[in-house]
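Understanding the architecture of this molecule
Residues per chain, in single letters:
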Amino acid sequence: MVTQEVSESTTVRILCSKAVSSAAEPGLHWLIGSPFLPPFTIVSVFRCIHFQPNTRVPDYARESEDIRPLLVKGFEVIGALLVGSSSDIENAGREALDSCRSLRKLLSDVGEAKSRNWELIGAVSGSENGGLRFFICKNGNSTRIEGINSVAYEDHPEHYVWEKGCLLRCELPIKLPFCVPVGNQSGAEKMFGNAIEAVIAKFKEPQAVYCLEMLCKDSAEGPVILRATDLDFKAEVSVVKSTGDESSEASDLKDLKCAHFCSKSKSTPSTLSIENADTIQVSVLLNKSAKSPKASVPIAEYFPALEETKLLVAELKLDVICYAAKDVPLQVAVSKLVVPALVDQLNSMKRLLVPNLVAQHPRLYPYHFNPPGLLHPITVIYELNYGEEEMKQVDIRKSLHLRLGLPVDRPLLRIANALNLSSLKDNPARNYGRKGTSMLKDVHIGINTSGVSGGVTSLVQGSYEYYHYLQDGFDDSGWGCAYRSLQTIISWFKLQHYTAVDVPSHREIQQALVEIGDKEPPFVGSRDWIGAIELSFVLDKLLGVSCKIMNVRSGAELPEKCRELALHFENQGTPVMIGGGVLAYTLLGVDYNEGTGDCAFLILDPHFTGNDEHKKIVNGGWCGWKKAVDSKGKNFFLHDKFYNLLLPQRPNMV
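Now for a description of the structure that goes with this document. In this text, all values refer to a predicted model and were calculated from it rather than measured experimentally.

**Some points on the overall build of the protein**
Helix and strand counts for the protein come out as 13 helices and 24 strands. Carbon and sulfur atoms provide 50% of the accessible area of the protein, an area that totals close to 31,100 Å².

Spelled out as structure tokens, the structure:
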């Protein structure tokens, strides 16, 4: 076996630097890449969570069963990272490569597994020598590994993935009738398996037709029809590389590329994300009206059952998404991504359904998620017969959080947080997607910089709605600013799906304070002010949310709290209410230079009384950065006022 240093031209490119650096738990982690990105490009990191009993040897079968439905087609396991390995760096790198090779064999199609023409990464971290070391294998059949010295970290990883990439989505409801022998579980499993195989076979039949069209309704391009006879199901996806040519012009329909449906306008890095990605809708049809080569009459065949049987109907909803480079031909994307994804999802559902096929009627449904820190979507199949609070579902989510390195106090993989790929991509400042509301949402997006030189910006994490004076035809001008700030805070918890409680009205807020004994009954319907203490009482009663209260003797002391506020936004990420005298504001973030002490506060002002026009609000300074003392010497936070800051804490839930 030979180890040698590679040339400077070979580079390991890391798009998920935070995920790689935070994989500090000793053990094995899988490195995720894509055949449509340059070789040895790491997009994300999955943790290995299944091992053989009483050992640290991975249970590759269980790992593959978990990862196959989770990882969307177009992304794949390209390596392994060993954390806390021995001092023998080279052997540890070889072990990581062997682990990746073993898992990849189970995840790959039969033809691809035989070829094993893979470019793999073995990474080692936490050794006695310290640092992160990379080794590569340029051919899956080879035992030769090469050390890597050149590592690049991308500044705009989402731009790197989505500038030249797009999504394909296929939804396919299936009603699958099949007869099973009563009291014979193995016979039922066999019949169900045969029914699944019959569906899979239809994807490649000559009568199968695939209709591709842009998901957005205003797309100028008409649908493209591909027949199964136009597709090549034998080609390996590993040889489908990005050519860099996104030209959508083609003389033959079969040569059309994904770019045919994609936006031609250039996007800025800030607008490139999964939510804004070009999405191609793929529909599967069976052409039953084609002319038969021979004249024939309908024939009915009768097969008598040899034992007592009953009819079962499995209702399945397939929903797959795939990632492809825009320069990939449509026929390749369908044959090597969409169809294999449908087959994998059918087989995953079969595996989940079989244990309770006769006794119960499981309801399985796939959902797509894009949790923070992950550059690509994932797919999770949930059993809808179980409520989200039942321990079976909670345990599934905990396992997913562990694998993906997600915090265990945030409901990131609850159904309400699933991607809604059907909604039109529109103005991100308005919440069109929520039923019965047209509140402005996330109004701070796109505002000017703070003006703090060399500062570190820490912002609210997640979405919120902007509540201010005179909304809903209710006149609270002069007294309702703290109520409005509280409404904005509660909308944040609702939009992050910590609660199903509706944002309360002023009267409902007052009623809650009366019910806990903080106020007397005449308080309901009054125009009395409330402050940070009352807000904490209401959040505790209505949402079960605890709060931290920070007291500041004067506005001049607020900059001294910047470090603590920055930690709040980084760790909790909730909006903060600032109350001083009869005024209240919502704080959405801070920009702080620890060296100079210079800082700015991102203020959302509830005292606005105009119409909900995003441009008017931002240009008018109702949402923007404020310094304690501006360039003209004017104080935003008054020096003679005592300020209370309400810092809501996230509930510990998954």
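Let us keep going from here.
**What to know about the nonpolar core**
Core analysis: the biggest nonpolar cluster contains 110 residues, and Trp30, Phe203, Tyr210 and Leu212 have the highest contact counts within it. It is helix α7 (residues 330-353) that contributes the most residues to this core, twelve residues altogether. Setting aside chain neighbours within four positions, we find Leu212 in contact with Leu168, Pro223, Val224, Leu226, Phe261, Ile280, Gln281, Val282, Leu330 and Val334.

**A short note on the packing of helix α6 (residues 185-202) against α7**
For the pair α6 and α7, the least separation of the axes is 10 Å and the interaxial angle reads 170°. In terms of orientation, α6 lies roughly antiparallel with respect to α7. From α6, Phe192, Gly193, Ile196, Glu197, Val199 and Ile200 reach across to α7, where they touch Val343, Leu346, Asn347, Lys350 and Leu353. Considered class by class, the residues forming the contact of α6 with α7 number seven nonpolar, two polar and two charged.

**Structural notes on the side chain of Arg484**
Mapped onto the elements, Arg484 comes out in helix α9 (residues 481-495). Judged by its relative accessible area of 1%, Arg484 falls in the buried class. Discounting chain neighbours no more than four positions away, the residues touching Arg484 are Tyr467, His468, Tyr469, Leu470, Gln471, Asp472, Phe474, Asp476, His506 and Pro606.

**Observations regarding the pairing of strand β12 (residues 208-214)**
The two faces of a sheet get side chains in turn, since along a regular strand they alternate between them. β12 sits mainly inside the fold: six of its seven residues count as buried. Bridge count between β12 and strand β14 (residues 279-286): seven bridges; the pairing is antiparallel. Looking at the pairing, Tyr210 lines up with Val284 of β14.

**Here we look at the sheet that holds strand β11 (residues 165-181)**
Spatial ordering of the open sheet is given by β13-β12-β14-β11-β15, a layout of five strands whose pairing is mixed. With partners counted over all chains shown, the strands left at the sheet margins are β13 (224-227) and β15 (309-325), one partner each. Here the average twist between neighbouring strands, direction ignored, is 25°. As paired elements, β11 and β14 share four bridges and run parallel to each other. Each residue of the ladder has a partner; that of Leu167, found in β14, is Thr279.

**Topic: the packing of helix α10 (residues 506-515) against helix α11 (residues 532-543)**
Between α10 and α11, the shortest axis-to-axis distance is 9 Å and the interhelical angle comes to 85°. Taken as axis vectors, α10 and α11 run roughly perpendicular relative to one another. On α11, the residues touching Ile509, Ala512, Leu513 and Glu515 of α10 are Glu534, Phe537, Val538, Lys541 and Leu542. In terms of residue class, the contact of α10 with α11 is made up of six nonpolar, no polar and three charged.

**Observations regarding the pattern of salt bridges**
All told, the structure shown has 25 salt bridges when counted by the stated rule. The salt bridge partner of Asp66 is Arg403, with a shortest N-O separation of 3.3 Å. Of this pair, Asp66 sits in helix α2 (residues 60-70) while Arg403 sits in helix α8 (residues 391-404), and the two are 337 residues apart along the sequence. Residue class for Arg403 comes out buried when judged on its relative accessible area of 2%. Shared partners join several salt bridges into a network, and the residues in it are Arg169, Glu171, Lys317 and Asp319.

**Focus on the layout of surface pockets**
Roughly 740 Å³ of internal volume is contained in the second largest pocket. What lines the second largest pocket is a set of 26 residues, and nearest its centre among them are Asp66, Arg351, Leu352, Ile381 and Ile396. Breaking the lining of the second largest pocket down by element, the ones donating at least two residues are α2, α7, β17 (378-383) and α8. A per-element tally of the lining of the second largest pocket places α8 first, with six residues. Here the lining of the second largest pocket is built from residues that sort into 13 nonpolar, six polar and seven charged.

Definitions and cut-offs
- Residues numbered from 1 in each chain as written.
- Predicted model: local features only at pLDDT ≥ 70, side-chain atom pairs only at ≥ 80, totals over all residues.
- Heavy atoms only, no water.
- Helix = DSSP H or I, 4+ residues; strand = E, 2+ residues; numbered from the N terminus.
- Areas by Shrake-Rupley, 256 points an atom, 1.4 Å probe, with all protein chains shown as cover.
- Core = buried A, V, L, I, M, F, W, Y, C linked by side-chain atoms within 4.5 Å.
- Buried < 20%, exposed > 50% of the residue type's maximum accessible area, 1.4 Å probe, protein only.
- Contact = heavy atoms within 4.5 Å.
- Axes fitted to C-alpha atoms, helices over the stretch in contact; angles between N-to-C directions.
- Parallel < 35°, antiparallel > 145°, perpendicular 65-115°, else oblique.
- Nonpolar A, V, L, I, M, F, W, Y, C, P; charged D, E, K, R; others polar.
- Pairing = 2+ DSSP bridges.
- Salt bridge = Lys/Arg side-chain N within 4 Å of Asp/Glu carboxyl O.
- 1 Å grid on protein atoms, 1.4 Å probe; cavity = no way out; pocket = protein on both sides within 12 Å on 5 of 7 lines; lining within 4 Å.
- Points joined across faces, edges and corners; volume = space filled by probe spheres on them.

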